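Geometric and topological summary
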Amino acid sequence: MSSEPFGFVAYRSRQQTTALESALRAQGIQCKIINTPHEIGMGCGLSVKFSLTDLQQVTAICNRLKQTALIGIFRAEYANGKLVASPVSKTARYCN
């Protein structure tokens, strides 16, 4: 378990999760599909994990795709063995 903070995008749709992964990879952004952390407690069970250094690009791509099943964009890190996740911005178009 890495202690490095990371970002993830949570969805209510597996199809939209894979569409975002493809869009990010097409822009050269390293990402992978992960199980949505249970701390979020909603969605289809899959999210797209990415490096926080790519946060601005990921947010822009999410806004451009206008996916209706997006739950939000989150920042996560492990603290004392527990995952702590929070929305990255109240101003991002699709972020809760």
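Refer to the structure presented above.
Overview of the structure. (Residues numbered from 1 in each chain as written. Predicted model: local features only at pLDDT ≥ 70, side-chain atom pairs only at ≥ 80, totals over all residues. Heavy atoms only, no water.)

1. What to know about the pattern of salt bridges
Going by this rule: A pairing counts as a salt bridge when a side-chain nitrogen of Lys or Arg comes within 4 Å of a carboxyl oxygen of Asp or Glu. Runs of E in the DSSP output that reach at least two residues are strands. Runs of H or I that reach at least four are helices, and both are numbered from the N terminus. Remark: exposure states derive from per-residue accessible area (1.4 Å probe, protein chains only) relative to the maximum for the residue type, with buried under 20%, exposed over 50%, and partly exposed in between.
Across all of its chains, the model carries two salt bridges by this definition. With a shortest N-O distance of 3.3 Å, arginine 25 and glutamate 21 are connected by a salt bridge. Residue arginine 25 and its partner glutamate 21 are located together in helix α1 (residues 14-26), separated by four residues, close to a single helical turn. Arginine 25 sits in the partly exposed class, given a relative accessible area of 46%. Its relative accessible area of 18% is what places glutamate 21 among the buried residues. Notably, a salt bridge pairs arginine 75 with glutamate 77, separated by 2.7 Å at the nearest N-O pair. On the basis of relative accessible area, arginine 75 is assigned to the partly exposed category, the value being 33%.

2. Observations concerning the sheet that holds strand β5 (residues 82-87)
Going by this rule: Strands are treated as partners if at least two bridges between them are detected by DSSP. Note on definitions: angles span 0 to 180 degrees between N-to-C directions of axes, and those axes are lines fitted to C-alpha atoms, for helices only across the stretch in contact. Between two residues, a contact is recorded if the distance between any of their heavy atoms is within 4.5 Å.
Here we have five strands laid out as an open sheet, ordered β2-β3-β1-β4-β5, and antiparallel in their pairing. Edge positions in the sheet fall to β2 (31-35) and β5, since each of these pairs with one other strand and no more. Geometrically, the sheet is characterised by an average inter-axis angle of 35° between neighbouring strands, direction not taken into account. Its contacts with the sheet place α1 against β1 (6-11), β2, β3 (46-50) and β4 (70-79), and it is angled at close to 160° to β2. Against the sheet, helix α2 (residues 55-65) contacts β1, β3 and β4, and its axis sits at roughly 160° relative to β4.

3. A look at the nonpolar core
The line we're drawing: We call a set of buried residues a nonpolar core when its members are Ala, Val, Leu, Ile, Met, Phe, Trp, Tyr or Cys and they connect through side-chain atoms within 4.5 Å of each other.
Counting 14 residues, the largest nonpolar core has Val9, Leu20, Leu24, Val58 and Cys62 as the members making the most contacts within it. Non-local contacts of leucine 24, meaning those with residues more than four positions away in its chain, are made with Ile29, Cys31, Val48, Val58 and Ile61. Ala10, Ile34, Phe74 and Leu83 belong to the second-largest nonpolar core, a separate cluster that totals nine residues.

4. A few points about α2
Let me state the cut-off plainly: Arc definition: it is the arc formed by the directions from the helix axis to the C-beta atoms.
Of the residues making up α2, those classed as buried are Val58, Thr59, Ile61 and Cys62. In an axial view of α2, the angular spread of the buried residues amounts to 165°, which keeps them on one side of the axis. Projecting away from the buried face of α2 at angles above 90 degrees are the exposed residues Gln56 and Arg64. Buried residues along α2 sit in contact with β1, α1, β3 and β4.

5. Quick look at the pairing of β5
Sheet topology places β4 next to β5; six bridges connect them, and they run antiparallel. The residue of β5 that forms the bridge with phenylalanine 74 is proline 87. Between β4 and the antiparallel strand that follows it, β5, lie two residues; asparagine 80 among them carries a positive phi value of about 55°.

6. Describing the side chain of glutamine 16
Within the fold, glutamine 16 resides in helix α1. Residues within four places of glutamine 16 in sequence aside, it is in contact with Tyr11, Gln67, Thr68, Ala69 and Leu70.

None of the figures reported here should be taken as evidence of function without further support.
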